[in-house]
Amino acid sequence: MSLSLQALLQKRADDGFALAYSDLLLEPAHSAVMPRDADPSGRFSRTIPLSVPFVSAAMSTVTTASMAIAMATHGGIGVIHPAMDPEEQRKMVRKVKLRLNGLIDTPVTIRAQISLEEVRQLREDKGYGFETFPVVDDRDRLVGIITSNDFKFWPDPSTLVSDAMTPYEKIVHGKRSTTPEEARTLMRTHRVRVLPLVDDDRKLVGLYVSSDVERVLGSRKNYTLDAQGHLRVAASIGTLEDAYKRAELLASVGCDAFVVGTAHADTQGVLETVHTLKHTYPHIDIVAGNTSYDEGAKRLAQAGADGILVGQGPGSICTTRIVAGIGIPQASAVFECVQALKGSGVPIIADGGITTSGDIVKALAIGASAVMLGGLLAGTDEAPGEKVYVNGQPMKEYFGMGSGRAMREHAASRKRYGQQGIPSGKHTPEGVEGRVPYRGPIESVINELLGGVRSGMGYLGAKTIEDMRAAHAVQITQAGYVESRPHNIYLDHSE
Ligand code: XMP
């Protein structure tokens, strides 16, 4: 009779042992769930659900804007790395947020006193491809709207906008909080092609255009979106003053979550940063990490974290455990933190050490709500950097944020690993530099990983990630591990 996965990990913990993913196998269970019917949706943080439980790592060789866009359009989320100046990070977040123009948050406006000819000239000078302009007064209050029909209806170019426009009283408009779905309903009901949004003072705060809304709503089934229909994105921002400065800039462009990240989060600096940010930006989720033990997770949650990154040293490029002699094998670390936060509503993201989809199945069954991936995504087209050929094989560069190279190149890396102020060349790296196989477009990688997760859910009879937590498991020996891998065959392609 096997033990439940939770009971097994608890028993090992009671005896002072900790297990890695590879020490474990889950026991198949009676199943009425076909893999294609399993629902793998997870959670990044308190208010950010994911339809796919994958998060891309906040690393300079993994997540910039294109990775974050790819992650969100596949149902996960990306964390823009911090090894760049704050302004550059702001631009990346903005790029992700503007990718789906479900809502135009700063529409181009005109004044009522100019002529239609002047509007035409403006369009030509600025290269605007649209003919719809909200008309505002000197306090940015909406007074009317001009559309392409008005240009046709008023052939005299000297006609003033104030005469040609549809006045405010006749305009169908929405509120700041109008969602794309509500906008679509309003526009369909009133047969209008644009929907300006105004606040209580009649100030213009956004504009929906029906063609954009139809496109966004039609294609976004599994996208990770905010209430306005924009892709969601997170950004890693470090701690204290640096974090506060970045947070202000990133909040101004609609960043959905801040990741307060250092190699050891159970410290005064991180707790204080989480606490301060949570109070300053109550509407933005704060994800904190990394930690790997129960008390650390609890203190971060008490400080206000809405999600916690668990993992100290399991990553493919990490040497923290070798250099500093600290760490907890990842399956047990995730277990400890999940148990510590049971019932709190704060999700755990298992960060690092995922080598196969089977590891993801184990992390989710232990209780993680998502996994953070570095090495598995670093070889994709959406990761930064060019392909390089090594012995004829296409590769991409991948290095640790605590590696010698990252410490030399990025102040954020020195800070993350507590090496600020130490002269160049004298840092103590906690990560390595290398390459991973080139893996083509991210879509194939995500499909492969997701296929594995669905398959695991089918074997466990789990319709949802919650259901996976009833799994039973065994600890395996080295012989069991060897038996589990391909053996006694010359492989056509070795990974
Ligand atoms: P994987 O296994 O997915 O791990 O490649 C990615 C995670 O590893 C962490 N990370 C590091 N840890 N030294 C470390 O000890 C490093 O240089 C380093 N760089 C990244 C990080 O949590 C990432 O998400």
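These figures come from a predicted structure and were not determined experimentally.

Engineer: So, the nonpolar core: which residues are in play, and what are the values?
Structural biologist: Burial of nonpolar side chains together is a common tendency in soluble globular proteins. Ranked by internal contacts, the top residues of the largest apolar core, which has 117 residues, are Phe44, Phe54 and Ile308. At eight residues, helix H18 (residues 442-460) tops the list of elements feeding residues into this core. Residues in contact with phenylalanine 44, not counting those within four places in the same chain, are Leu50, Val55, Ile77, Val79, Ala234, Ala257, Val259, Val287, Gly307, Pro347 and Ile349. Residues Ala112, Leu116, Val119 and Ala164 belong to the second largest nonpolar core, which totals 11 residues.

Engineer: Break down the pattern of salt bridges for me, citing the residues and quoting the values.
Structural biologist: Per the counting criterion, the structure on display carries 18 salt bridges. Here arginine 90 makes a salt bridge to glutamate 87, at a shortest N to O gap of 2.8 Å. Here glutamate 87 and arginine 90 lie together in helix H3 (residues 86-97), a separation of three residues that amounts to about one turn. Classification of glutamate 87 as partly exposed rests on a relative accessible area of 32%. In this structure, glutamate 214 and arginine 188 form a salt bridge, with 3.1 Å as the shortest nitrogen-oxygen distance. Remark: arginine 188 occurs in helix H7 (residues 180-190) and glutamate 214 occurs in helix H8 (residues 210-219); sequence separation between them is 26 residues. For glutamate 214, a relative accessible area of 31% puts it in the partly exposed group. Because the salt bridges share partners, they merge into one network encompassing Lys97, Asp226, Arg232 and Asp256.

Engineer: Tell me about the site of the ligand, residues and numbers included.
Structural biologist: With respect to spatial proximity, 24 residues lie near the ligand, and among them Ser316, Cys318, Asp351, Tyr398 and Gly402 are the closest. Contact distances for the ligand include 2.6 Å between an oxygen atom and a side-chain N or O atom of serine 316. Note that an oxygen atom of the ligand is positioned 2.9 Å from one of the backbone N or O atoms of glycine 375. Calculation on the ligand without its partners gives an accessible area of 510 Å², and the protein chains cover 95% of this total.

Engineer: Could you give an account of the domain arrangement of the protein, with specific residues and numbers?
Structural biologist: One frequent convention defines the size of an interface as the accessible area lost when the parts assemble. Assigned domains within the protein: domain 1 (3-82 + 237-484) and domain 2 (103-217). Measuring from the centre of the C-alpha atoms in domain 1 to the corresponding centre in domain 2 gives 44 Å.

Engineer: Residue-level account of the environment of alanine 72, with values.
Structural biologist: Structurally, alanine 72 can be placed in helix H2 (residues 65-73). Along the backbone, alanine 72 and arginine 232 are 160 residues apart, and their C-alpha atoms lie at a distance of 6.3 Å. In contact with alanine 72, other than residues within four places in its own chain, are Asn222, Tyr223, Thr224, Leu231 and Arg232.

Engineer: Help me get a handle on the sheet that holds strand E15 (residues 307-310), residues and values and all.
Structural biologist: Working definition: the strands of a sheet are paired by backbone hydrogen bonds and lie parallel or antiparallel to each other. Pairing is parallel around the closed barrel formed by eight strands, whose spatial order is E5-E6-E12-E13-E14-E15-E16-E17. Neighbour to neighbour, the strand axes of the sheet diverge by 25 degrees on average, direction disregarded. Where strand E14 (residues 285-291) lies against E15, four bridges are found, and the strand directions are parallel. Along E15, the bridge assignment pairs threonine 291 with valine 310.

Engineer: Run through the environment of valine 436, naming residues and quoting values.
Structural biologist: When you line up the elements, valine 436 lands in strand E20 (residues 433-437). Separated by 58 residues in the primary sequence, valine 436 and alanine 378 have C-alpha atoms spaced 7.0 Å apart. If we skip the residues at most four places from it in the chain, valine 436 touches Gly375, Ala378, Gly379, Met395, Lys396 and Tyr398.

Engineer: A description of the pairing of strand E13 (residues 257-261) should follow, citing residues and the corresponding values.
Structural biologist: Counting buried residues in E13 gives five out of five residues, a clear majority hidden from the surface. A two-sided burial pattern is seen for E13, the buried positions comprising Ala257, Val259 and Gly261 on one face and Phe258 and Val260 on the other. Pairing of strand E12 (residues 234-236) with E13, which is carried by three bridges, proceeds in the parallel orientation. Opposite alanine 235, over in E13, you have phenylalanine 258 as the bridge partner. At this point the chain moves from E12, through helix H9 (residues 240-251), to the parallel E13, and the crossover so formed is right-handed. In terms of strand pairing, E13 meets E14 through five bridges, oriented parallel. Each residue of the ladder has a partner; that of valine 260, found in E14, is alanine 288.

Engineer: Let's hear about the packing of aromatic side chains: which residues, and what values?
Structural biologist: Scanning all chains against the criterion turns up five aromatic pairs. Ring centres of tyrosine 128 and phenylalanine 130 lie 5.0 Å apart, and the angle between their planes is 25 degrees; on these two criteria the pair is classed as stacked. On the basis of relative accessible area, phenylalanine 130 is assigned to the partly exposed category, the value being 36%. Through successive ring pairs, a cluster of aromatic residues spans Tyr128, Phe130 and Phe133. Against the face of tyrosine 168 rests arginine 202, its NZ or CZ located 4.0 Å from the ring centre. Directly above the ring of tyrosine 438 sits lysine 387, whose terminal nitrogen or CZ lies 4.5 Å from the centroid.

Conventions adopted
Each residue is numbered by its place in its chain's sequence as written, counting from 1. Per-residue local features are limited, in this predicted model, to residues with pLDDT of at least 70; the limit for side-chain atom pairs, both in listing and counting, is 80 or more; totals at the level of whole chains, interfaces and linings are taken over all residues. Side-chain descriptors were evaluated using all non-hydrogen atoms of the structure, hydrogens and water having been removed beforehand. Put simply, buried Ala, Val, Leu, Ile, Met, Phe, Trp, Tyr and Cys residues joined by side-chain atoms within 4.5 Å make one nonpolar core. Think of it in three bands: residues with accessible area under 20% of the maximum for their type are buried, residues over 50% are exposed, and the middle band is partly exposed, with areas taken using a 1.4 Å probe on protein chains only. Note on conventions: DSSP H or I runs of at least 4 residues are helices, E runs of at least 2 residues are strands, and numbering of each starts at the N terminus. Contacts are assigned to residue pairs with any non-hydrogen atoms lying within 4.5 Å of each other. For this analysis, a salt bridge means a side-chain nitrogen from Lys or Arg found within 4 Å of a carboxyl oxygen belonging to Asp or Glu. We call a residue near a given molecule or strand whenever any one of its heavy atoms falls within 4 Å of it. Polar contact criterion, stated in full: a pair of N or O atoms within 3.5 Å, where within protein one must be able to donate a hydrogen and the other to accept it, and residues adjacent in sequence count only if both atoms are side-chain atoms. To measure how exposed things are, a 1.4 Å probe is used in the Shrake-Rupley method; for residues, cover is taken only from the protein chains shown. In this document the domain limits rely on a domain assignment from an automatic tool or a database. Should DSSP find at least two bridges between two strands, the strands are taken to pair. Fitting a line to C-alpha atoms yields each axis, with helices limited to the stretch in contact; the angle taken between N-to-C directions then spans 0 to 180 degrees. Handedness of a crossover: with both strands directed away from the viewer, a clockwise path from the first strand across the helix to the second marks it as right-handed. Each Phe, Tyr or Trp ring, with Trp reduced to its six-membered ring, pairs with another whose centre is within 6.5 Å; inter-plane angles below 30 degrees give stacked pairs, above 60 give edge-to-face pairs, and intermediate values give tilted ones. By definition, being over a ring means that NZ of Lys or CZ of Arg is both within 6 Å of the ring centre and within 35 degrees of the ring normal.

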